[in-house]
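Notes for the structure review
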Amino acid sequence: MTQSYDDLYWNSNDGLRLHARDHAPDAGRAARGTVVCIPGLTRNGADFDALADVLTAEGWRVIAVDLRGRAGSERAYDPSSYNPRAYADDMVALLRSQNIAKAVFVGTSLGVLVTITLASRAPERIAGAVLNDAGPKVPREALARIGKYAGKPVPPMDLVQATAYVESIGRAAFPRFSTDDWRQMAVRTFRPRSDGLLELDYDPAVIRTTRPWLLWLLRPVLWRAVRGLTARVPVLVVRGALSDILPADVARQMAATSESARLVEVPDVGHAPMLSEPEARDAILALLERVA
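Described below are features of the structure shown in this document. (Residues numbered from 1 in each chain as written. Predicted model: local features only at pLDDT ≥ 70, side-chain atom pairs only at ≥ 80, totals over all residues. Heavy atoms only, no water.)

Moving on, we come to the overall build of the protein chain. Regarding its fold elements, the protein chain presents 9 helices and 10 strands. Its C-alpha radius of gyration of 18 Å places the protein chain within 12% of the 19 Å reference for a compact globule of 292 residues. Sorting the 292 residues of the protein chain into buried and exposed places 53% on the buried side. The long-range share in the protein chain, meaning contacts at least 24 apart out of those at least 6 apart in sequence, stands at 74%. In the protein chain, which carries 36 positive and 34 negative side-chain charges, the distance between the mean positions of the two groups comes to 7 Å. (Helix = DSSP H or I, 4+ residues; strand = E, 2+ residues; numbered from the N terminus. Rg over C-alpha atoms; globule rule 2.2 N^0.38 Å. Buried < 20%, exposed > 50% of the residue type's maximum accessible area, 1.4 Å probe, protein only. Contact = heavy atoms within 4.5 Å. Lys, Arg positive; Asp, Glu negative; His and termini not counted. Charge placed at Lys NZ, Arg CZ, Asp CG, Glu CD.)

The next subject is helix α8 (residues 248-255). For α8, the complete set of buried residues consists of Val250, Ala251, Met254 and Ala255. Viewed end-on, α8 has its buried residues packed into an arc of 135 degrees, placing them on one side of the element. (Arc of directions from axis to C-beta.)

One open sheet accounts for 8 strands, arranged β1-β2-β4-β3-β5-β6-β9-β10; its pairing is mixed. The outermost strands of the open sheet, each flanked by one partner alone, are β1 (6-11) and β10 (261-266). The sheet shows a mean angle of 20 degrees between the axes of neighbouring strands, taken without regard to direction. Both strand β6 (residues 126-132) and strand β9 (residues 235-240) contribute to a ladder of 4 bridges, which runs parallel. Note on β9: the bridge partner recorded for Val130 is Leu236. (Pairing = 2+ DSSP bridges. Axes fitted to C-alpha atoms, helices over the stretch in contact; angles between N-to-C directions.)

Once that is clear, we can look at the pattern of salt bridges. Under the criterion given, the structure shown has 16 salt bridges. The closest approach of N and O atoms between Arg21 and Asp49, which form a salt bridge, is 2.8 Å. Of the two residues, Arg21 is situated in strand β2 (residues 17-23) and Asp49 in helix α1 (residues 49-56); the sequence distance between them amounts to 28 residues. An identical accessibility class is assigned to Arg21 and Asp49; each is buried. Measuring nitrogen to oxygen at the nearest pair gives 3.1 Å for the salt bridge that ties Arg281 to Asp282. Look at Asp282 and you get partly exposed, because its relative accessible area is 43%. (Salt bridge = Lys/Arg side-chain N within 4 Å of Asp/Glu carboxyl O.)

The biggest cluster of nonpolar side chains holds 90 residues, and the ones touching the most others in it are Trp10, Val35, Val36, Val65, Met91, Phe105 and Leu229. Phe105 has contacts with Val36, Ile38, Met91, Leu95, Thr115, Leu118, Arg125, Ile126, Gly128, Ala129 and Val130, leaving out every residue within four places of it along the chain. (Core = buried A, V, L, I, M, F, W, Y, C linked by side-chain atoms within 4.5 Å.)

What follows concerns the packing of helix α2 (residues 84-97) against helix α3 (residues 110-121). Two numbers describe how α2 lies on α3: the axes approach to 8 Å, and their chain directions differ by 70 degrees. The pairing of α2 with α3 is recorded here as roughly perpendicular in orientation. Contacts between α2 and α3 involve Pro84, Arg85, Tyr87, Ala88, Asp89, Met91 and Val92 from the first element and Leu110, Leu113, Val114, Thr117, Leu118 and Arg121 from the second. In terms of residue class, the contact of α2 with α3 is made up of 9 nonpolar, 1 polar and 3 charged. (Parallel < 35°, antiparallel > 145°, perpendicular 65-115°, else oblique. Nonpolar A, V, L, I, M, F, W, Y, C, P; charged D, E, K, R; others polar.)

Moving on to helix α6 (residues 179-189). Inspection of α6 places Trp182, Met185, Ala186, Arg188 and Thr189 among the buried residues, and these make up the whole buried set. Buried residues of α6, seen end-on, are gathered within an arc of 160 degrees and therefore sit on one face of the element. In this structure, the buried side of α6 is in contact with α5 (159-170), β7 (190-192) and β8 (198-200).

This brings us to the pairing of β1. For β1 and β2, the ladder comprises 6 bridges, and the chain directions are antiparallel. For Asp6, the partnering residue across the bridge sits in β2 and is Asp22.

Bringing the environment of Ala122 into the picture now. Take Ala122: it is sitting in the loop between α3 and β6. Looking at Ala122, the relative accessible area reads 6%, which means it is buried. Each C-alpha atom of the pair Ala122 and Thr163 lies 39 Å from the other, and the pair is 41 residues apart in sequence.

Laid out in structure tokens, this is it:
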């Protein structure tokens, strides 16, 4: 596949060199605005390539970030900075570096927490938001499931072994994935070493973000942030129908916080939808039309 993005770098307030995939609007399309995509806990900006293809065709610039400690972004000097407040400040620094006044934010999983934290710290920076399969309340059992593999060391692998690894931890969430889908997921999850073998493409210390007691304490704050966000801008809540991270009742409560909020459920997908599914894609395009 031909690279369809430019590498974008900027500096965090604490001096880290951060990276994003910068997808320009298709040639001949009038620029309509910027969409910033924020991935999940152990994921990176490559997860949004398919969505970026759709949105750039509609005239949107898509910046898919690697959060600090992931993929092309530098690892934190202080692991305690792996938290939603620091990530949100990194997003402000990104916008400032690009002279972007505001953007539509698309957050997946941890990216949802970053987006609603940003809504509390710099609400004027958000023109609209997609909250993909996470919310203010995450069941402890789901966090425990993620904790069984996230941040845990795995030995160097070849691509066949890496493909089997990502399928083993993700098949329940993506029952319709093909072998090629899992291979592409492995490519996005691992990075090559000098000896040709693959290693996980993130700092294991990022796992601190999912500490159950911390998210439990933050629940009232996060609910206030969601209500503040949906009161100000169009918001789309996306839920995978098989998700254990975003319960159906929590998703409905999030969408009910404002008349401008919408909810879409993606069938036959768990945590978290890739957002290239027809249901998610069409709902995101509808949200962008409301923003534009």
